[in-house]
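Reading the structure
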Amino acid sequence: MKTLTTALLLTLLCSSALAGPGEDRQKSFKKVLLSFEPVGVMLRDGPFRKDQFIKHADALKAAAPAPFLLFKPGTIDDVSRAKPEIWSQPARFKAEQDKFISAVNALQAGAQSDDLAAVRNKYAAVAASCKSCHDSFRGPKR
Ligand code: HEC
């Protein structure tokens, strides 16, 4: 029993050591993408299913803040694409986050609307905020 517990503990320790902060952040952003992507596909290619759209927009709002809890200083590891400017220019990074979160909230709040042109604009504002932050704060693929 005791060996079993030790083995289990070791496994847990090892797996958490392998999944470092870079990977954790990337996973968390991938969860954001998981709801953002279908929203874009529906708006671009259709068919537009309002009930589905609202579900994805709700999931996007729920997932959006999570990655930003994972940017502790000193966490650029060998998989991370985070740039040092995240920590050397915290006010700029925070402004990008705030812009992103309000764009996501506006999209989710407008998801009920039948004015698809307005919804598309809200989607475009979110996409622009992803890109704007990536351009400044995400480095090249490793
Ligand atoms: C405020 C900044 C910021 C915003 C806004 C942002 N990202 Fe990112 N994103 C990052 C950073 C920094 C990383 C790199 C994290 C790491 O590797 O440690 C990243 C990583 C990712 C990844 C992981 C995969 C990879 O190759 O890096 C995906 C997917 C991603 N972002 C998608 C999105 C999408 C989609 C949006 C908008 C809906 C978005 N991000 C908004 C900063 C941001």
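Details of the structure are given in the entry above.
No experiment lies behind these values; they were computed from the predicted model shown.

Rules used throughout
- Residues numbered from 1 in each chain as written.
- Predicted model: local features only at pLDDT ≥ 70, side-chain atom pairs only at ≥ 80, totals over all residues.
- Helix = DSSP H or I, 4+ residues; strand = E, 2+ residues; numbered from the N terminus.
- Contact = placed C-beta atoms within 7 Å.
- Expected span 1.5 Å × (residues − 1).
- Buried ≥ 20, exposed ≤ 12 C-beta atoms within 10 Å, placed from the backbone.
- Arc of directions from axis to C-beta.
- Core = buried A, V, L, I, M, F, W, Y, C linked by C-beta atoms within 7 Å.
- Near = placed C-beta within 6 Å.
- Nonpolar A, V, L, I, M, F, W, Y, C, P; charged D, E, K, R; others polar.
- Axes fitted to C-alpha atoms, helices over the stretch in contact; angles between N-to-C directions.
- Parallel < 35°, antiparallel > 145°, perpendicular 65-115°, else oblique.
- Left-handed = near helix turned anticlockwise from the far one by under 90°.

**Regarding the overall build of the protein chain**
Across its full length, the protein chain holds six helices and zero strands. Restricting the contact set of the protein chain to residue pairs at least 6 apart, pairs at least 24 apart contribute 73%.

**Some thoughts on helix H5 (residues 90-109)**
Counted at 1.5 Å a residue, the expected span for H5 with its 20 residues is 28 Å, and the 28 Å between its end C-alpha atoms agrees. Every buried residue belonging to H5 is among Phe-93, Glu-96, Phe-100, Ala-103, Val-104, Leu-107 and Gln-108, and all of these are buried. Around the axis of H5, the buried residues are gathered within 135° of arc, so they sit on the same side. For H5, the exposed residues lying more than 90 degrees away from the buried face are Pro-90, Ala-91, Lys-94, Asp-98 and Ala-109. Where H5 is buried, its residues touch helix H3 (50-63), helix H4 (85-88) and helix H6 (116-137).

**A closer look at the nonpolar core**
Ranked by size, the top nonpolar core spans 15 residues in total, and within it Leu-60, Val-104 and Leu-107 carry the most contacts. Looking at this core, the elements with two or more residues in it are helix H2 (21-45), H3, H5 and H6. Ignoring sequence-local partners within four residues, the contact set of Leu-107 consists of Ala-57, Lys-122, Tyr-123 and Val-126.

**Focus: the site of the ligand**
Of all residues adjacent to the ligand, which total 22 residues, the nearest are Phe-29, Ser-80, Phe-100, Cys-130 and Cys-133. Secondary-structure elements contributing two or more residues to the shell around the ligand are H2, H5 and H6. Examining the composition of the shell around the ligand, we find that eight residues originate from one element, H2, more than from any other. Considered class by class, the residues forming the shell around the ligand number 10 nonpolar, six polar and six charged.

**A closer look at the packing of H3 against H5**
Two elements in contact, H3 and H5, have axes whose closest approach is 9 Å; the angle formed by their N-to-C orientations is 155°. Looking at the two axes, H3 sits roughly antiparallel to H5. Of the two possible hands of crossing, H3 and H5 adopt the one that is left-handed. Counting all contacts with H3, which are made through Ala-57, Asp-58, Leu-60 and Lys-61, the residues of H5 involved are Val-104, Asn-105, Leu-107 and Gln-108. Considered class by class, the residues forming the contact of H3 with H5 number four nonpolar, two polar and two charged.

**Considering the packing of H2 against H6**
As a packed pair, H2 and H6 sit with axes 11 Å apart at the nearest point and diverge in direction by 140°. It follows that H2 is oblique to H6 by the angle criterion. Here the hand of the crossing between H2 and H6 comes out left-handed. On H6, the residues touching Val-39, Gly-40 and Leu-43 of H2 are Val-119, Arg-120 and Tyr-123. Among the residues making up the contact of H2 with H6, the classes are represented as four nonpolar, one polar and one charged.

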